[in-house]
Amino acid sequence: MFNRSVFTTKRRAIVAGALLATACAGTALAQEQRPAAETIRRVQVPEARQAVAVAERSFYAIDNRTIAKFDKETGKQVAKWEGPKGGPILHLDSGVVRDGKLYTAHSNYPDWPMVSSVEIWDAETLRHLESHSFGIERGSFTWLDRDPQGRWWGAFANYNRVFDKSPLAYGNKFNTQIVRFNPDWSIAEAFVYPDALVARFQDMSNSGGAFGPDGRLYITGHDNAELYVVAPPEMGSVMQWIETIPIEIGGQGFAFDPAERGVVWGLIRNKTGGPNDVTVSRLPPRS
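These remarks concern the structure in this document. (Residues numbered from 1 in each chain as written. Predicted model: local features only at pLDDT ≥ 70, side-chain atom pairs only at ≥ 80, totals over all residues. Heavy atoms only, no water.)

**Quick notes on the sheet that holds strand 6 (residues 77-82)**
The 4 strands are arranged 3-4-5-6 in an open sheet whose pairing can be described as antiparallel. What marks the edges here is a single partner per strand, and that holds for strand 3 (51-54) and strand 6. Neighbour-to-neighbour, the strand axes of the sheet open up by a mean angle of 15 degrees, direction not taken into account. Examined bridge by bridge, strand 3 and strand 4 (residues 58-63) share 4 bridges and lie antiparallel to one another. Paired with V52 across the bridge in strand 4 is A61. (Pairing = 2+ DSSP bridges. Helix = DSSP H or I, 4+ residues; strand = E, 2+ residues; numbered from the N terminus. Axes fitted to C-alpha atoms, helices over the stretch in contact; angles between N-to-C directions.)

As structure tokens, this is what we get:
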């Protein structure tokens, strides 16, 4: 059963203060700095290593080859899909529920060359429904979501981290691109992030992205406890970095709760091998 004793309704003041200090360090800042989000729930979920997706009554914890579905109210696991080791699913990176389907971003990270696909599941049963392969594209596909106009967006990440198979960086993080898709998943247009924002990704990249109930696009890095609001430019190819919001997450894939406006589900990975945490946070209102 869901252990409500691990829930917390108080603001994590110490953490938030540290996050705000980090956000204000250096010379490259977002145009706006919103107060820290308030953590309203936190629960241990072993499968929550790559992303959390959310529906009206359920949430989904996503790992490389695993999707676990839970009842939001009780925390009880109600369904699970797990791919075989060595099978076609290697690295699920994020997910979003739309029209009864769970859309996931998939890649072969950290293998080379980078190949990616969209994998689609029945959100009720976790039965696999569809797949669209990008083949060798602009990087590793890390997230996707649909904007208020019904158009799909996503990101192809590149990294500065070096892996065993190559002496070179895995793509160079400055090559990370955010794209808007046509209905057939071909790319309609593409943008890059400003250098100052890419620097916040450290040696990794843009891991999560989702359109909020306000219609704005929010993204995450790989580790930082921050949400970044970005928008397409009026001219050129570099996205605008609009705002930074400290929040109790560890980067990765996140989701807005369709049943509670302004509520964000995210995760914090336990890097020592223990259980991972799913966090639920309420964003502060915009000034």
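**Focus on the pattern of salt bridges**
Going through the model one piece at a time under the given rule, you end up with 16 salt bridges. Look at the salt bridges and you will find they share partners, linking R34, D214, R216 and E243 into a network. (Salt bridge = Lys/Arg side-chain N within 4 Å of Asp/Glu carboxyl O.)

**Concerning the environment of P35**
Considering the arrangement of structural elements, one finds P35 in the loop between strand 1 (32-33) and strand 2 (38-44). Overall, P35 belongs to the partly exposed group, its relative accessible area being 49%. Considering only alpha carbons, one finds P35 and I247, 212 residues apart in sequence, at a separation of 9.1 Å. Those residues within four positions of P35 in sequence are excluded, and the remaining contacts are I245, P246 and P284. (Buried < 20%, exposed > 50% of the residue type's maximum accessible area, 1.4 Å probe, protein only. Contact = heavy atoms within 4.5 Å.)

**Side note on the side chain of N224**
Looking at the element boundaries, N224 is found in the loop between strand 16 (217-220) and strand 17 (226-231). Excluding residues within four positions of it along the chain, N224 makes contact with R200, Q202, I249, G250 and G251.

**Considerations on the sheet that holds strand 21 (residues 277-282)**
Taken together, the 4 strands give an open sheet; going across it, the order is 2-21-20-19, and neighbouring strands pair in antiparallel fashion. On the outer flanks of this sheet lie strand 2 and strand 19 (255-256), each paired with one strand and no other. Two elements, strand 20 (residues 263-268) and strand 21, share 6 bridges in a ladder whose sense is antiparallel. Residue pairing in the sheet places V264 in a bridge with S281 of strand 21.

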